[in-house]
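Each chain, written out:
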Amino acid sequence: MSIAPLSSESKSDWKRQVQDAIRDPETLFRRLQLPMTELAKATAAARDFPVFAPESYVARMESGNVSDPLLRQVLPVENELESPAGFSLDPVGDQLSKQQPGLIQKYRGRVLLITTGMCAIHCRYCFRRHYAYDEEPKSSEQWEPAVRHIENDKSLQEVILSGGDPLSLSDGRLSTLLHRLGQAKHLRRIRVHTRLPIVIPDRVTEDLIEWLTSTNMIPYLVLHANHANELSNEVVAKVDLLRRAGIILLNQAVLLRGVNDSVDAMAELCEKLSNIGVLPYYLNQLDRVKGAAHFEVPVETGKQLIRELQTRLPGYAVPRFVQEIAGAEHKVTL
Ligand SMILES: *Cc1c(COP(=O)(O)O)cnc(C)c1O
Ligand code: SF4
């Protein structure tokens, strides 16, 4: 299969884009001409979980619009400092399901690796915003127990690379990991959960496509877009490359108040995804993590939204509305 060559510049350019990302509220406010009267509150809210947004993502926002659906995902707000009952530091029970350092298993036949704590963006609603990434493996020696666990457990058919964002790691590291996993004959599928191709489309390099498609495992890439405005022309072009390389593309979104909690917004997202060959897989009910309560949409509203989507779109374009319940044997359909 031939893939259009990428310029050598765009190959490592994504790392520079991560480095140059906006990392403080004031820069974000100036860049988007937001009302400075709100800056002190944003600064207070950013203390625990800093602002982090690369220009490639910020460029898709509308200047001066505090309600912009992409801005809302990265802008710290005063509400984050509230801590209503029911919102916790580890809402989905990750720590209880850890089998080895960096390895979480909750469901049959598949395990999830916390490959890194790094992301290319800080999403204010992130359920792992308080995750103790420092305790997870960094070096290949530290990864050995997790990898050996996978090699020895013949009931596993799938490994999911998660994080953080696994594509924050270099192609060299990911390539080494994948080729090691590819030796285990019981593994049939490799799945990567990532927001990077959406946030910094230049992350989709020739090398990435190479390591992801060169083992015997069937490659799945689960993107994370929440709004149609995230699907810029650059994103669409890179999605096309991934799709032509034979990678199965899915999307998961989180139902977020003021971002995508309307039928029009959700229909536009799902339609656009379907038009570029990405199946809307899950719509996640917000995980009740401390600091994100203001994003919560009532489950009933989400169900109604799905019912209306069904009247507008083909069945495959309607995502499954799910919630992760700590201790459950699968994601629970609502
Ligand atoms: C969400 C999740 C998965 C993936 O679930 P699917 O229903 O297969 O998409 C797997 N492992 C863990 C630990 C998860 O949290
Ligand atoms: S990219 Fe994913 S893991 Fe990273 S902050 Fe956003 S939601 Fe959380």
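Being a predicted model, the structure only gives us computed values, none of them experimental. (Residues numbered from 1 in each chain as written. Chains lettered and ligands numbered in written order. Predicted model: local features only at pLDDT ≥ 70, side-chain atom pairs only at ≥ 80, totals over all residues. Heavy atoms only, no water.)

J.: Whenever I open this one, the site of ligand 2 confuses me. Can you help?
T.: As a matter of local geometry, ligand 2 sits amid Cys 119, Ile 121, Cys 123, Cys 126, Gly 164, Arg 195 and His 224. Of the residues in the shell around ligand 2, the class split is four nonpolar, two polar and one charged. (Near = heavy atom within 4 Å. Nonpolar A, V, L, I, M, F, W, Y, C, P; charged D, E, K, R; others polar.)

J.: Please explain unusual backbone geometry as it appears in this structure.
T.: Peptide bonds are mostly trans, and most non-glycine residues show a negative phi. In this structure, Gly 164 follows Gly 163 across a cis peptide bond, with omega equal to 20°. With respect to the secondary-structure elements, Gly 164 resides in the loop between β4 (158-162) and α7 (171-182). Of note in the backbone geometry, Gln 33 takes a positive phi value of approximately 50° without being a glycine. Along the polypeptide, Gln 33 turns up in the loop between α2 (25-32) and α3 (39-45). (Helix = DSSP H or I, 4+ residues; strand = E, 2+ residues; numbered from the N terminus.)

J.: Teacher, can you tell me more about the pattern of salt bridges here?
T.: Think of it this way: side chains of opposite charge can pair up when their charged atoms draw near. Inspection of every chain in the model, using the stated rule, returns 26 salt bridges. Put simply, Arg 124 and Glu 80 hold a salt bridge, and the shortest N to O gap is 2.9 Å. Of this pair, Arg 124 sits in the loop between β3 (110-114) and α6 (140-152) while Glu 80 sits in the loop between α5 (71-74) and β1 (98-100); the two residues are 44 residues apart in sequence, bridging distant segments of the chain. Residue classification places Arg 124 among the buried residues on the basis of a relative accessible area of 0%. A relative accessible area of 6% means that Glu 80 is categorised as buried. Ionic pairing is found between Arg 129 and Glu 80, a salt bridge with its closest N-O pair at 3.1 Å. Of this pair, Arg 129 sits in the loop between β3 and α6 while Glu 80 sits in the loop between α5 and β1, and the two are 49 residues apart along the sequence. Bridged by salt links that share partners, the residues Asp 94, Lys 106, Arg 128, Glu 324 and Lys 331 form one connected network. (Salt bridge = Lys/Arg side-chain N within 4 Å of Asp/Glu carboxyl O. Buried < 20%, exposed > 50% of the residue type's maximum accessible area, 1.4 Å probe, protein only.)

J.: Whenever I open this one, the pairing of strand β8 (residues 279-284) confuses me. Can you help?
T.: Remark: a regular strand shows side chains that alternate across the two faces of the sheet. In terms of residue burial, β8 counts as a mostly covered element, since five of its six residues are buried. Relative to β8, strand β7 (residues 248-254) runs parallel, the two sharing five bridges. Along β8, the bridge assignment pairs Val 254 with Asn 284. Read from β7 through helix α11 (residues 263-275) to β8, the crossover connection turns out right-handed. Note that the unit made of β8, helix α12 (residues 299-312) and strand β9 (residues 320-323) has a crossover that is right-handed. (Pairing = 2+ DSSP bridges. Right-handed = clockwise from strand over helix to strand, strands pointing away.)

What is shown is where atoms sit, not what they do.
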